[in-house]
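For reference, the chains in residue letters:
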Amino acid sequence: MSDSNASATVEAEMYQLIFRLMDFVPVPLLISEEIEHADNVQRERRHVFINKAFLEQIGYTMEEMPGIQAFFELAYPEQEVRDFRFQEWLDAVDASIAQNKTVAEVTSLVRCKNGERRWFAIAAEIESNIKSEWHMVSFRDVHDIKQMLDQVEKLSHTDPLTQLANRRAGAQALEQALSLYQQTQQLFSVLLCDLDSFKEINDVFGHDCGDRILCEVAQCFAELSRDEDCVARWGGEEFLIVLPDTQLDDALTIAERLRASVNQLVCDWQGQLIMPTVSVGVAMIRPAQDIDQLIQSADRALYQAKHLGRNLVWSTEQSDSPC
């Protein structure tokens with residue numbers, strides 16, 4: 001046997017040993033090899049190995065995904081999602097190279113062979129330490145952690161009683177709407193809604209009854225609001241609704257629809273029928289206004305609605321006759 005043949009045999013045996021060792025790793029792994037075609041321009045990434053953990057957790061075989069393109073088609077069957085994830089990966093590689101890193105990483109929702117979609121932290125070598133043409137890719141299952149973090153994030157923006165957005169989320173929606181207005185001049189409006197005579201309801205029927213009414217009013221607001229609106233419990237019996245791309249006249253129409261809907265609610269509490277009402281202050285963003293000034297404008301309108309007899313919609317820019 002020639003020295004070159006002996007060397008190739010030793011190299012092949014070494015790679016087989018590496019593959020056998022990788023089969024004991026509990027994390028899904030694959031190795032791809034970059035193949036350069038005869039034109040020296042077109043290149044292709046073909047898979048040369050996947051370990052047992054990959055088969056067990058993700059499920060696709062070498063025959064089903066011989067190359068990187070096949071993997072993307074299986075893992076992201078929707079074309080739009082696949083294009084986004086592919087570009088996301090290219091951006092991660094570019095960012096890692098720019099920072100002189102040897103590994104690029106993204107966190108991605110992968111469709112497994114059994115149809116389940118799970119979050120994986122995917123890390124790939126930019127330059128292999130084993131063989132120059134090889135790229136090792138690992139898939140660390142972070143699905144449970146990701147779901148837990150998403151739940152924590154949701155809870156941090158959700159009012160625990162009404163399940164609406166909380167004050168923090170409402171404030172963020174205001175900042176986003178203001179930022180968009182400053183960039184594009186897209187107007188937006190806010191509704192400040194307050195349950196009428198709520199203290200009397202709590203005093204007469206108790207706080208459990210008050211909580212029940214808050215939840216029913218919140219559900220009413222949520223059902224009648226648009227997908228792009230942010231409906232938040234602003235504090236106590238007060239609600240804030242942010243209406244993107246909405247001028248004052250349309251905001252008044254929406255506010256009146258919400259007021260009328262609440263006016264039709266009847267809450268049966270231990271045999272007592274309670275019919276809540278709300279007053280609504282309406283304001284639209286104006287040039288040079290900040291968030292505090294906008295909320296103050298809506299608050300003044302709300303005060304006027306209360307002053308004129310409650311169960312009303314009011315704007316500081318309308319006449320002295322109630323809606």
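Note: the structure precedes this text.
Below you will find a few notes about this structure. Along each chain, residue indices are assigned from 1 in the same order as the chain's sequence is written. With pLDDT at 70 or above as the cut-off, local features in this predicted model cover only qualifying residues; side-chain atom pairs require 80 or more to be listed or tallied, and sums for whole chains, interfaces and linings still use all residues. Heavy atoms throughout the structure, all of them, feed into the side-chain values; hydrogens and water do not.

Put simply, DSSP marks the helices as runs of H or I at least four residues long and the strands as runs of E at least two long, and each gets a number from the N terminus on. Its location among the elements puts R140 in strand β5 (residues 134-141). Between the C-alpha atom of R140 and that of A123, which follows or precedes it by 17 residues, the distance is 8.3 Å. By definition in these notes, contact holds between two residues if any of their heavy atoms fall within 4.5 Å. Residues contacting R140, with those up to four places away along its chain left out, are V27, E105, W119, F120 and A121.

Residue placement: R286 occurs in the loop between β11 (278-284) and α10 (291-307). When the C-alpha atoms of R286 and Y181 are compared, they prove to be 9.7 Å apart, with 105 residues separating the residues in sequence. Each residue touching R286, except ones within four places of it in the same chain, is listed here: Y181, L248 and E317.

Our focus in this paragraph is the pairing of strand β4 (residues 117-125). Of all nine residues in β4, eight are buried; the element is thus mostly enclosed. In the sheet, strand β3 (residues 103-111) pairs with β4 via nine bridges, with the strands oriented antiparallel. For V106, the partnering residue across the bridge sits in β4 and is I122. The rule for pairing is simple: two strands pair if DSSP sees at least two bridges between them. Where β3 hands over to β4, the hairpin turn is made up of five residues, of which G115 adopts a positive phi near 95°. With five bridges joining them, β4 and β5 adopt antiparallel strand pairing. Looking across to β5, one finds that A124 is bridged to V137. Note on exposure labels: buried denotes an accessible area under 20% of the residue type's maximum, exposed denotes more than 50%, and partly exposed covers the range between, all computed with a 1.4 Å probe on protein chains only.

Here we come to the layout of surface pockets. Cavities and pockets were defined on a 1 Å grid built over protein atoms only: a cavity is a set of grid points that admits a 1.4 Å probe from which the probe cannot escape, a pocket is an open set flanked by protein on both sides within 12 Å along at least five of seven lines, and lining residues are those with an atom within 4 Å of any such point. Grid points are joined across faces, edges and corners, and a volume is the space filled by probe spheres set on the points. Here the largest pocket defines a volume of roughly 490 Å³. Taken together, 24 residues make up the lining of the largest pocket; nearest its centre are R45, I68, F72, W89 and V93. For the lining of the largest pocket, the elements supplying multiple residues, two or more each, are β1 (29-36), α3 (68-75), α4 (79-98), β3, β4 and β5. When residues in the lining of the largest pocket are grouped by element, the largest group, seven residues, is from α4. The residue inventory of the lining of the largest pocket, partitioned by class, reads 16 nonpolar, three polar and five charged. Only Asp, Glu, Lys and Arg are considered charged in this grouping, and only Ala, Val, Leu, Ile, Met, Phe, Trp, Tyr, Cys and Pro are considered nonpolar; every other residue, Gly among them, is considered polar.

All right, on to a nonpolar patch on the surface then. Residues form patches when they are more than 30% accessible in relative terms and have no salt bridge. Like charges link within 9 Å. Nonpolar side chains (Val, Leu, Ile, Met, Phe, Trp, Tyr) link within 5 Å. Each accessible area is a Shrake-Rupley result for a 1.4 Å probe, and residues are judged covered by the shown protein chains and nothing else. Basic side-chain nitrogens of Lys or Arg form a salt bridge, by our definition, when they fall within 4 Å of a carboxyl oxygen of Asp or Glu. A surface patch of nonpolar side chains, about 390 Å² in accessible area, is lined by I145, M148, L149 and V152. By the secondary structure assignment, I145 is in helix α5 (residues 143-156).

Counted under the stated rule, the structure contains 16 salt bridges. As a salt-bridge pair, R85 and E88 come within 2.9 Å of each other at their nearest N and O atoms. Of the two residues, R85 and E88 are both situated in helix α4; the distance of three residues between them amounts to about one turn of the helix. By relative accessible area, which is 14% here, R85 ends up buried.

The subject of this paragraph is helix α8 (residues 207-224). Helix length check: α8, at 18 residues, gives a terminal C-alpha distance of 26 Å against a target of 26 Å (1.5 Å per residue), a fit within 8%. Of all the positions in α8, only C209, G210, I213, L214, V217, A218, C220 and F221 are classed as buried. One less than the number of residues in a helix, times 1.5 Å, gives the span that helix is expected to have.

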